[in-house]
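# Examination of the molecular architecture
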Amino acid sequence: LNSSLLMLSANTFSILNSDASNLWFIAKDSNGDVEPYQLSLSGQLTAYDVNPNGNSLAGSSEIIEQGLVVVATANSGRQLALLSSGNITWLTSLMDTTTGNWPTNVGTGLGLHSLSNKIIFDAQTTGVNPTLWSYDFNNGMTTSLSTDIVIPGERTDAVVNGEKIFFDCVTATFG
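Residues numbered from 1 in each chain as written. Predicted model: local features only at pLDDT ≥ 70, side-chain atom pairs only at ≥ 80, totals over all residues. Heavy atoms only, no water.

## Quick word on the sheet that holds strand β6 (residues 67-74)
An order of β5-β6-β7-β8 is seen for the four strands of this open sheet, with the pairing classed as antiparallel. The sheet terminates laterally at β5 (61-64) and β8 (87-90), the two strands that pair on one side only. Strand-to-strand twist in this sheet, taken as the mean axis angle between neighbours without regard to direction, amounts to 35°. (Pairing = 2+ DSSP bridges. Helix = DSSP H or I, 4+ residues; strand = E, 2+ residues; numbered from the N terminus. Axes fitted to C-alpha atoms, helices over the stretch in contact; angles between N-to-C directions.)

## Overview of the pattern of salt bridges
Using the criterion set out here, one finds one salt bridge in the structure. Salt-bridge contacts for Arg 155 lead to Glu 154; the nearest nitrogen and oxygen are separated by 3.9 Å. Arg 155 sits in the exposed class, given a relative accessible area of 71%. Residue Glu 154 is classed as partly exposed on the basis of its relative accessible area of 47%. (Salt bridge = Lys/Arg side-chain N within 4 Å of Asp/Glu carboxyl O. Buried < 20%, exposed > 50% of the residue type's maximum accessible area, 1.4 Å probe, protein only.)

## Considering the nonpolar core
Val 69, Leu 80, Ile 119, Phe 121 and Phe 137 are the most contacted members of the largest nonpolar core, which has 15 residues in total. Listed by contribution, the elements that provide at least two residues to this core are β6, β7 (77-84), β10 (118-123) and β11 (131-136). It is β10 that provides the largest number of residues to this core, a total of three residues. By size, the runner-up hydrophobic cluster in this structure holds 12 residues, among which are Trp 24, Leu 68, Ala 72 and Leu 83. (Core = buried A, V, L, I, M, F, W, Y, C linked by side-chain atoms within 4.5 Å.)

## So, the sheet that holds β10
One open sheet accounts for four strands, arranged β9-β10-β11-β12; its pairing is antiparallel. The sheet terminates laterally at β9 (112-115) and β12 (141-150), the two strands that pair on one side only. With direction set aside, neighbouring strand axes in the sheet form an average angle of 25°. Looking at chain direction, β9 and β10 are connected through four bridges and run antiparallel. Each residue of the ladder has a partner; that of Ser 114, found in β10, is Ile 119.

## A closer look at the pairing of β5
As judged from the four bridges shared by β5 and β6, these two strands associate in the antiparallel manner. Each bridged residue has a counterpart across the sheet, and for Ile 64 the counterpart in β6 is Gly 67. Between the end of β5 and the start of β6, which pair antiparallel, lie two residues.

What follows is the structure, encoded as structure tokens:
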């Protein structure tokens, strides 16, 4: 483990999450790529080459029962990916309907939050403001939750309490 960790260096793109069995973090490898890593209690280090063409720049993250969900670079845009048991599963394939490009703003304001077997997040897929989205693990569907709620989580961190999530946002009716 020591020799493996010596090949890594810290980076400003930071994820540091833990659960009962794993420590998840971002590091720069010997090739200069910034990627996520999983260190188990038994000392097994697992590297996730999320973007084989360069840095994954994994950002927001959320630990769930199946592993770690991250926002990472794919196809020149940002998407949700599940990191689990050495495998990478892309969960979303969001597109910016205004430009036809992959979105670059995903999970930037609200972040990622687990709620009732769903990941709740923000994404900018049209216009100039991010809106509220969810990914449902039960059916594999990505759904826009509201086009009236914009800029969720811009000024304060979201709070999950039981089966509810509280966050700041802007609406046409209430500002």
